Amino acid sequence: MSDLNINEMIWQIIASIPEGKVTTYGQIARLTGYPNRARYVGSTLKKLPKDTSLPWHRVINGQGEIAFPPDTKAYKTQRYRLEEEGILFRKGKVPLSEFGWQD
DNA sequence: TGTATGACCCCAA
DNA sequence: GTTGGGGCCATAC
């Protein structure tokens, strides 16, 4: 029940990420008020339909890297979308300056 | 009911 | 700078 609320919060937060910016699973978890739910955020994203309008590609891990292995289709898709939005990669990582929310 | 797994994170060495 | 281990909690089997 409360997890339904969490899902909505997660969707709202992701939808509010500005174009050309990214954020991390941990940040999203914290903004929902549950600092330890970073893993749950990933689980939620995995369940999204492939035709979702949610900008899931703007969500990366705490290291500034894409959460998928580099040789996967999902990785390439995500990276391509980010680069289309003007986000540049440095050695496979996104610079901190591109993060939407920072503590 | 119990164990394993995952689009993660943090801290100590 | 890297590496390893613990923690987290919903799902799947």
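Notes on the structure follow. Remember, predicted model here, so these are calculated numbers, not experimental data.

**Topic: the protein's contact with DNA strand B**
Every one of the 14 residues lining DNA strand B counts as a neighbour, but Tyr25, Arg39, Lys46, Trp56 and Gly62 are closest to it. Sugar and phosphate atoms represent 43% of those atoms of DNA strand B found within 4 Å of the protein. Here Arg30 contributes a side-chain N or O atom positioned 3.1 Å from a phosphate oxygen of DNA strand B. Separating a base nitrogen of DNA strand B from a backbone N or O atom of Leu45 is a distance of 3.5 Å. Counting only elements with at least two residues in the surface near DNA strand B, the list comes to helix 2 (25–31) and helix 3 (38–47). The biggest single contributor to the surface near DNA strand B is helix 3, with five residues. Each residue belonging to the surface near DNA strand B can be placed in one class, and the counts come to six nonpolar, five polar and three charged.

**Some points on the protein's contact with DNA strand C**
The immediate surroundings of DNA strand C are formed by Asn36, Arg37, Arg39, Tyr40 and Lys47. Close to the protein, within 4 Å, the atoms of DNA strand C are drawn from sugar and phosphate at a rate of 81%. Within the side chain of Arg37, one N or O atom sits 3.3 Å away from a phosphate oxygen of DNA strand C. Split by residue class, the surface near DNA strand C holds one nonpolar, one polar and three charged.

**Section: the layout of surface pockets**
Gaps left between atoms show up when a probe the size of a water molecule is rolled over them. If you add up the space inside the largest pocket, you get close to 410 Å³. In terms of lining, the largest pocket is formed by 15 residues, of which the most central are Leu45, Lys46, Trp56, Phe68 and Ala74. Sorting the residues of the lining of the largest pocket by element identifies helix 3 and helix 4 (73–84) as the ones contributing at least two each. In terms of residue count, the dominant contributor to the lining of the largest pocket is helix 4 (four residues). Tallied by class, residues from the lining of the largest pocket come to nine nonpolar, three polar and three charged.

**Quick notes on the packing of aromatic side chains**
One pass over the structure, following the stated rule, counts zero aromatic pairs. The residue whose ring lies beneath Arg79 is Phe89, and the NZ or CZ to ring-centre distance is 4.5 Å.

**Description of helix 3**
Among the residues of helix 3, Val41, Thr44 and Leu45 are the ones counted as buried. Around the axis of helix 3, the buried residues are gathered within 100 degrees of arc, so they sit on the same side. Relative to its buried face, helix 3 has exposed residues pointing more than 90 degrees away, namely Arg39, Lys46 and Lys47.

**Some thoughts on the pattern of salt bridges**
Tallying each qualifying case throughout the model produces two salt bridges. Taking the shortest distance from any N to any O, the salt bridge between Arg58 and Glu85 comes out at 2.8 Å. In this pair, Arg58 sits in the loop between helix 3 and strand 2 (59–60) while Glu85 sits in the segment after helix 4, placing the two residues 27 residues apart along the sequence. Under the relative-accessibility criterion, Arg58 is labelled buried at 9%. Between Glu83 and Arg79 there is a salt bridge; the shortest N-O distance is 3.1 Å. Pair noted here: Glu83 and Arg79 are both in helix 4, with a separation of four residues, about one helical turn. Exposure remark for Glu83: the relative accessible area of 37% places this residue in the partly exposed category. A relative accessible area of 25% means that Arg79 is categorised as partly exposed.

Calculation notes
Residues numbered from 1 in each chain as written. Chains lettered and ligands numbered in written order. Predicted model: local features only at pLDDT ≥ 70, side-chain atom pairs only at ≥ 80, totals over all residues. Heavy atoms only, no water. Near = heavy atom within 4 Å. Polar contact = N/O pair within 3.5 Å; in protein donor to acceptor, adjacent residues only side chain to side chain. Helix = DSSP H or I, 4+ residues; strand = E, 2+ residues; numbered from the N terminus. Nonpolar A, V, L, I, M, F, W, Y, C, P; charged D, E, K, R; others polar. 1 Å grid on protein atoms, 1.4 Å probe; cavity = no way out; pocket = protein on both sides within 12 Å on 5 of 7 lines; lining within 4 Å. Points joined across faces, edges and corners; volume = space filled by probe spheres on them. Phe/Tyr/Trp six-rings, centres within 6.5 Å; stacked < 30°, edge-to-face > 60°. Lys NZ or Arg CZ within 6 Å of the ring centre and 35° of its normal. Buried < 20%, exposed > 50% of the residue type's maximum accessible area, 1.4 Å probe, protein only. Arc of directions from axis to C-beta. Salt bridge = Lys/Arg side-chain N within 4 Å of Asp/Glu carboxyl O.

Distances and angles like these do not, on their own, reveal function.
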